[in-house]
Amino acid sequence: MQVTSSVREPLVTGGKSYHDVTHDVARHVEAKPNIRWFLAFLTSAGVLAIGSIAVIATVWEGIGMWGLNKTVGWAWDITNFVWWVGIGHAGTLISAVLLLFRQKWRTSINRAAEAMTIFAVICAAMFPVLHMGRPWLGAYWALPLPNVFGSLWVNFNSPLLWDVFAISTYFSVSLVFWYIGLIPDFATIRDRATGLRKIIYGALSFGWDGAAKAWSRYESVSLILAGLATPLVLSVHTIVSMDFATSVIPGWHTTIFPPYFVAGAIFSGFAMVLTLMIITRKVYKLEDYITMGHIELMNIVIIITGSIVGIAYITEFFIAWYSGVEAEQYAFINRATGPYWWAYWSMMTCNVISPQLFWFKKIRTSIVATFALSIVVNIGMWFERFVIIVTSLHRDFLPSSWAMFYPTWADVGVYLFTFGLFFTLFFLFAKFFPVINMAEVKSVLKSSSDNVKK
Amino acid sequence: MEKDTHFVMGVYEDEDVLLHAIQEVRSSGVKIHEVYSPYPVHGIDDYLGYKRSKLPIAAFLFGLLGTCLALTMQFYMLKFDWPMIIGGKDHAAFPDFIPVTFELTVLLASFGMVGVFMVSTNLKPWAQPRIMDIRITDDKHVLAVDIANNSAIELSKIEEILKASGASEVNKKSFE
């Protein structure tokens, strides 16, 4: 039966049957890891190991190991934190917001994007935890727990504490959402497996039996979780932006920050999804599931969010001038022409100019161009956070305390550690978990494949 | 010892055939035990006569609990137990409590609802599910009929109804 839509491009190509979907996705979990996987895994684990020296040094010696000084009290740590949190946003956006908007193209990419979210948030959390200096006391400082100093509580007026609640809620809700989606697919792998694998995936599948009642409840849960996670996506980065916006530092104290940070997060998140998915589809030969149509749609999201970010940069500049506040005006001129001009113009080039290239269909539908630009966007978004944080701090109200920030080996090492951690976790996920949501792809197969039944 | 046959199962290849089959089987007086699918089939609840899930209510109630808990906690801690005036702000500033209240509302609503889902669907790592047919997590839909619940109808008649409704196979299965 041919049920191709005459107006929409098929979401699944290659004339796949339901069984093909199971086979194509589950075979990577069932097969022995190949040499390429081992090489990639060992490389990322090696980076993790090398980076962990910097983490140990930071915990052992204190954050004096970092290049921070009295003027620039936050630099790479908060830059990396905001960058990683931003990367996480695309996962929840794809799984929650696109589910609410009934965007069926999300089904092929939501699983890996959600995994990316979870790993990115773990990496992000490393930085505030380490920045506490004595992370083992962090629970007293960050959570409302009675402590030895009497009934002294955390400060609920502080955006930094809101962050604790926002990030931990975001992480745990994303984790639950991801796992609920994995349960039916684990059951599929369980039913194809024997021996130890059957026992492990049997436990992971929580006894899923595919009953209509269970599916009905599963769909209710997914939809409500999506409804709850959608404002969460907006709130998390809004709250992260308030870490800056509620202060009085010129360059930070702006009301545009919440929407601007959210758009930037989606922008960088989609770029990272593209980086990962382009590799995954190639290595796992999943081109029929993650099609050019998917890549093009993600590139369109990048044009939109990239343009929002571009407008935000210009608006910030305009408002700094229009406000008439001298310190504010100086902060922005200093960003563009001061000692960190190279960071500012890297940010402008990577984030404002490069995504505009996606207006050309040829570039938008080119794998090589998309891959290259996705990395450019990720670099640009790192510079964005660096520019906001370091250029605003390094020249404060008092010229006698002006300073520059130079990262130390520990700064670089901790950042490397999070890269190693992220990719180690992602490679483990890609090997042991189904990278595509089989059940959800099957549910759109009938309306969106180029051929349902062979 | 030979086990008693408990279930008769029609295996279906296509979701549309399955939905029609449910209607036909129900209208012929056979009580359906459950239908199993590899993916969610939209509209199947109505065909099977299932009531709407109460999970949204659970989510709402847990969310409400989260809101109350968060506000009580923050007001108790900062207004009564240890009033702190920071940066000249009121020590019980309601707007400042909104972010944490929102997060705890979402957290409790999500976890509470998922907990109810797990319990009501009997999902747990040590659960030993009855797998009606190994292919229901791959590419087949299975309509299971509990023979004990349909004692008024002959077994061969049930098999006939399933076959006539479009089942590609009709099998029997029993569980200890």
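Residues numbered from 1 in each chain as written. Chains lettered and ligands numbered in written order. Predicted model: local features only at pLDDT ≥ 70, side-chain atom pairs only at ≥ 80, totals over all residues. Heavy atoms only, no water.

For chain B, the name recorded in an unreviewed UniProt entry is DUF3341 domain-containing protein, with Algoriphagus halophytocola as its organism.

As recorded in an unreviewed UniProt entry, chain A goes by Polysulfide reductase NrfD and comes from Algoriphagus halophytocola. The record held by UniProt for chain A lists under Subcellular location (unreviewed entry) the comment "Cell membrane". Listed in UniProt under the heading Sequence similarities (unreviewed entry), the comment for chain A reads: "Belongs to the NrfD family." (UniProt positions renumbered as here; feature names shortened; annotations may be inferred.)

A. Fine view of helix 9 (residues 257-283) of chain A. Residue and element names in this part refer to chain A. The first and last C-alpha atoms of helix 9 sit 39 Å apart over 27 residues, in line with the 39 Å expected at 1.5 Å per residue. For helix 9, a buried count of 23 out of 27 residues is recorded, marking the element as mostly surrounded by other parts of the structure. Following helix 9 by one or two positions, K285 adopts a phi angle in the positive range, close to 50°. (Helix = DSSP H or I, 4+ residues; strand = E, 2+ residues; numbered from the N terminus. Expected span 1.5 Å × (residues − 1). Buried < 20%, exposed > 50% of the residue type's maximum accessible area, 1.4 Å probe, protein only.)

B. Structural view of the sheet that holds strand 4 (residues 169-173) of chain B. Residue and element names in this part refer to chain B. Here 4 strands make up an open sheet; going across it, the order is 2-3-1-4 and the pairing antiparallel. Bordering the open sheet on either side are strand 2 (34-36) and strand 4, each of which pairs with just one other strand. When the angles between neighbouring strand axes are averaged without regard to direction, this sheet yields 25°. Bridging between strand 1 (residues 7-12) and strand 3 (residues 141-146) involves 6 bridges; their strand directions are antiparallel. Considered in strand 3, the bridge of V8 is made with V145. Lying over the sheet, helix 1 (residues 15-27) contacts strand 1, strand 2 and strand 3, oriented at roughly 15° with respect to strand 3. (Pairing = 2+ DSSP bridges. Axes fitted to C-alpha atoms, helices over the stretch in contact; angles between N-to-C directions. Contact = heavy atoms within 4.5 Å.)

C. Local environment of the packing of helix 3 (residues 76-100) of chain A against helix 14 (residues 367-394) of chain A. Residue and element names in this part refer to chain A. At their nearest, the axes of helix 3 and helix 14 sit 9 Å apart, and the two run at 135° to each other. Of the possible angle classes, the one that applies to helix 3 and helix 14 is oblique. Pair helix 3 / helix 14 crosses with right-handed handedness. Between helix 3 and helix 14, the residues in contact are W76, I78, T79, N80, V82, W83, G86 and I87 and N378, M381, W382, R385, F386 and I389, respectively. Class assignment of the residues belonging to the contact of helix 3 with helix 14 gives a composition of 9 nonpolar, 4 polar and 1 charged. (Parallel < 35°, antiparallel > 145°, perpendicular 65-115°, else oblique. Left-handed = near helix turned anticlockwise from the far one by under 90°. Nonpolar A, V, L, I, M, F, W, Y, C, P; charged D, E, K, R; others polar.)

D. Quick peek at the UniProt feature "transmembrane region" (unreviewed entry) in chain B. Residues and elements named next belong to chain B. Within this structure's numbering, the places UniProt gives as "transmembrane region" (unreviewed entry) are residues 57-77 and 97-120. End C-alpha to end C-alpha, residues 57-77 measures 30 Å, and it is 100% helix and 0% strand. Taken end to end, residues 97-120 is 100% helix and 0% strand, and its two terminal C-alpha atoms sit 34 Å from one another.

E. Looking closely at the nonpolar core. Ranked by internal contacts, the top residues of the largest apolar core, which has 195 residues, are A:W84, A:F156 and A:F270. With 17 residues, the single largest contributor to this core is helix 6 (residues 159-192) of chain A. Dropping the residues within four chain positions of it, A:F156 is found in contact with A:P144, A:L161, A:W162, A:F165, B:M73, B:Q74, B:M77, B:L78, B:D96, B:F97 and B:V100. (Core = buried A, V, L, I, M, F, W, Y, C linked by side-chain atoms within 4.5 Å.)

F. A look at the interface of chain B and chain A. Between chain B and chain A, the residue contacts involve 63 residues of the former and 55 residues of the latter. Counting the surface chain B buries against chain A, the share from its top three residues, B:P40, B:E103 and B:T137, is 12%. Taken together, the links from chain B to chain A amount to 18 residue pairs in polar contact (both at pLDDT 80 or more). Of all the secondary-structure elements, those providing two or more residues to the side of chain B that touches chain A are helix 1, strand 2, helix 2 (44-48), helix 3 (55-81) and helix 4 (94-120) of chain B. Residues that form the side of chain B that touches chain A fall into these classes: 39 nonpolar, 9 polar and 15 charged. (Buried area = accessible area lost by both parts, 1.4 Å probe. Polar contact = N/O pair within 3.5 Å; in protein donor to acceptor, adjacent residues only side chain to side chain.)

G. Structural context of the side chain of A:T71. Residues and elements named next belong to chain A. Assignment of secondary structure puts T71 in the loop between helix 2 (35-61) and helix 3. A distance of 2.5 Å separates the side chain of T71 from the backbone oxygen of S401, its partner in a polar contact. Apart from residues lying up to four places away in sequence, T71 is in contact with L393, H394, D396, S401 and A403.

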